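# Observations on chain architecture
The residues making up each chain are set out below.
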Amino acid sequence: MININPNDKKKPDKRMTLTDAIKTYVPDGSMISFSGMGGAQCVAPTYEIIRQGIKNLTFVGDSPCESGDMLIGAGAIKKAEIAWCSYAVAGLGYNYRRAIEQKIPHEIELVEYSNYTIGLRFLAGAINVPYIPTKSLLGSDLLKYNDKIKVEEDPYNGEKVALIPAVNPDIAIVHVSRADKRGNAQMFGFSSNAENLARAAKHTIVTCEEIVSTEEIQRHPNLTIIPEYAVDAVVEVPFASHPWNFPYAYAYDMPFHTEQLSAFKTREGFEKWLEDYCFAPGSWEGYLEKVGFGRLEKLRQLERRFTKAKY
């Protein structure tokens, strides 16, 4: 249970360090969700949660990569309500698979949804309704294995619909292109469920590639996907999605990710990776230094060569 000042969302300056934000808003036993789909993953906060040794989390997400697989491997998650957990073209979610098949490092409870219906859960939570109906799961085996999904008759035409329950996580962590100190957050490119996730959660940490002035945010108000009243903390975390790409900021570091997933194939390899890239560096800044600022700058140049933001 999170015991936080309810006036945090009203603060005119919500800037915090990543360490302090995680320590304040992510206690043991909380329900947590992360933004990101394809790219734009919340990798930096994942490493920080592991460093702080936070445990017994309930994790809700559509297609979590580092945030799901690494937290499961680190023993931080007791229950996962997800659709899919892997690294796309880089490789499988080996920690997730070991937990389900071998109970390593321990058994987790798994509740499965589809990508679409996880999105509906966040939408329902964001607009404060108890569920959203859909036909997408009718005929699916998910109805056999997930007793939270109810099939009822549409009161208007009598047809069957599946009812997808809302979710209101204790804490959402959302990574965006930029934000001001008040928490007004803007995203260049695909946002996935970020805006609904931030509104559905009881508390929201916004991490961003850069903090800019409120005046700069107001120059392009249509890009503000998350307003300040939905945000508790703002953290500037450059390259927070590495090795994933972040739209208009840096390209995907596929060679690095391939090396990472090769290590994750074994439990010993994963534990060594955590020591080398999480614990020994001591912070996200230490991680970036280990990766190499020259390498990161090349990723930035590559992305901006082909996808130039007009903002």
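Everything below is about the structure shown above.
Everything in this summary refers to the structure shown in the same document.

Conventions adopted
- Each residue is numbered by its place in its chain's sequence as written, counting from 1.
- It should be noted that, the model being predicted, local features are given only for residues of pLDDT at least 70 and side-chain atom pairs only at 80 or more, the latter also being counted only at that level, while totals for whole chains, interfaces and linings use all residues.
- To obtain the side-chain values, all non-hydrogen atoms of the structure were used and water was disregarded.
- The term salt bridge refers to a side-chain nitrogen of Lys or Arg lying within 4 Å of a carboxyl oxygen of Asp or Glu.
- Secondary structure elements are taken from DSSP: a helix is a run of H or I of four residues or more, a strand is a run of E of two residues or more, and numbering for both begins at the N terminus.
- For two strands to pair, DSSP has to find at least two bridges joining them.
- Note on classification: 1.4 Å probe, protein chains only; a residue is buried when its accessible area is under 20% of the maximum for its type, exposed when over 50%, partly exposed between these limits.
- Contacts between residues were defined by any pair of non-hydrogen atoms, one from each residue, lying within 4.5 Å.
- Method remark: on a 1 Å grid restricted to protein atoms, a set of points is classed as a cavity if a 1.4 Å probe fits but cannot get out and as a pocket if it is open with protein on both sides within 12 Å along at least five of seven lines; lining residues have an atom within 4 Å of a point.
- Grid points are joined across faces, edges and corners, and a volume is the space filled by probe spheres set on the points.
- Residue classes follow a fixed rule: Ala, Val, Leu, Ile, Met, Phe, Trp, Tyr, Cys and Pro count as nonpolar, while Asp, Glu, Lys and Arg count as charged, and any other residue, Gly among them, counts as polar.
- Throughout this description, the term nonpolar core refers to a set of buried Ala, Val, Leu, Ile, Met, Phe, Trp, Tyr and Cys residues connected via side-chain atoms within 4.5 Å.
- Fitted lines through C-alpha atoms serve as axes, helices being fitted only where they are in contact, and the angles separating the N-to-C directions of these axes extend from 0 to 180 degrees.
- Here the angle decides the label: under 35 degrees means roughly parallel, over 145 means roughly antiparallel, 65 to 115 means roughly perpendicular, and every other value means oblique.
- Crossing handedness is read from the near helix: turned anticlockwise from the far helix by less than a right angle, it gives a left-handed crossing, and turned clockwise, a right-handed one.

## What to know about the pattern of salt bridges
Side-chain pairs of opposite charge can arise whenever the charged atoms involved come near each other. By the definition in use, this model includes 19 salt bridges. Asp232 is paired through a salt bridge with Lys9; the nearest N and O atoms lie 2.8 Å apart. Taken as a pair, Asp232 in the loop between β11 (224–226) and β12 (233–236) and Lys9 in the segment before α1 (18–25) lie far apart in primary sequence, 223 residues in all. Among the ionic pairs, Lys272 bridges to Asp276, the shortest N-O distance being 2.6 Å. Taken together, the positions of Lys272 and Asp276, both in helix α10 (residues 267–279) and four residues apart, correspond to about one turn of that helix. One continuous salt-bridge network, built from bridges that share partners, spans Lys79, Glu81, Glu109 and Arg121.

## Comments concerning the pairing of strand β6 (residues 150–153)
The sheet contact formed by β6 and strand β7 (residues 160–165) spans four bridges and is antiparallel. Bridging across to β7, Glu152 finds its partner in Val161. Counting the residues that bridge the hairpin from β6 to β7 gives six residues, and of these Gly158 lies at a positive phi of roughly 80 degrees.

## Observations concerning helix α11 (residues 284–291)
In an α-helix, one turn spans 3.6 residues, which is why side chains three or four residues apart end up on the same side. When we look at burial in α11, the residues that qualify are Trp284, Gly286, Tyr287, Leu288 and Val291. Packing partners of the buried residues in α11 comprise α2 (43–51), α9 (254–264), α10 and α12 (293–306). Gly292 sits one or two residues past α11 and shows a positive phi near 110 degrees.

## Here we look at the layout of surface pockets
If you add up the space inside the largest pocket, you get close to 280 Å³. The wall of the largest pocket is formed by 17 residues, among which Glu209, Glu210, Tyr248, Ala249 and Arg304 lie closest to the centre. Of all elements in the fold, only β8 (171–179), β10 (203–211) and α12 reach the threshold of two or more residues within the lining of the largest pocket. Here the residues of the lining of the largest pocket are counted per class, giving 11 nonpolar, one polar and five charged.

## Observations concerning the nonpolar core
One finds Ile32, Tyr47, Ile49, Ile173 and Ile205 to be the most contacted residues of the largest nonpolar core, which totals 92 residues. When neighbours within four sequence positions are excluded, Ile49 is seen to be in contact with Ile22, Val26, Ile32, Phe34, Ile54, Leu57, Leu71 and Ile173.

## Some details on the side chain of His257
Within the secondary structure, His257 is located in helix α9. Not counting chain neighbours up to four residues away, the residues in contact with His257 comprise Glu66, Tyr87, Ala90, Pro243, Trp244 and Tyr252.

## Thoughts on the packing of α2 against helix α3 (residues 66–73)
Closest axis-to-axis distance for the α2/α3 pair is 9 Å, and the angle between their directions is 15 degrees. By the angle class used here, α2 and α3 are roughly parallel. Considering only the axes of α2 and α3, their crossing is right-handed. On the side of α2, the interface is formed by Val43, Thr46, Tyr47, Ile49 and Ile50, while α3 contributes Glu66, Ser67, Met70 and Leu71. In terms of residue class, the contact of α2 with α3 is built from six nonpolar, two polar and one charged.

## Looking at empty space enclosed by the protein
Considering all chains together, one arrives at two cavities of 30 Å³ or more under this definition. Approximately 50 Å³ is the volume attributed to the largest cavity. Considering the residues around the largest cavity, the lining is formed by Phe34, Ser35, Gly36, Gln41, Phe59, Val60, Gly61, Asp62, Ser63, Pro64 and Ser67. Considering each element in turn, the lining of the largest cavity owes the most residues, three residues, to strand β2 (residues 57–61). The residue makeup of the lining of the largest cavity, split by class, is four nonpolar, six polar and one charged. Taken as a whole, the second largest cavity encloses approximately 30 Å³ of empty space.

## Structural notes on the sheet that holds β7
Spatially, the three strands line up as an open sheet ordered β5-β7-β6, and their pairing is antiparallel. Across the chains shown, the open sheet's two edge strands, defined by having one partner strand only, are β5 (131–134) and β6. Averaged over neighbouring strand pairs, the angle between their axes works out to 40 degrees when direction is ignored. Bridge analysis of β5 against β7 gives four bridges, and the strand direction is antiparallel. Each residue of the ladder has a partner; that of Tyr131, found in β7, is Pro165. Docked against the sheet, helix α5 (residues 115–126) engages β5 and β7, running at close to 145 degrees with respect to β5.

As far as function goes, none of this settles anything; it's purely spatial.
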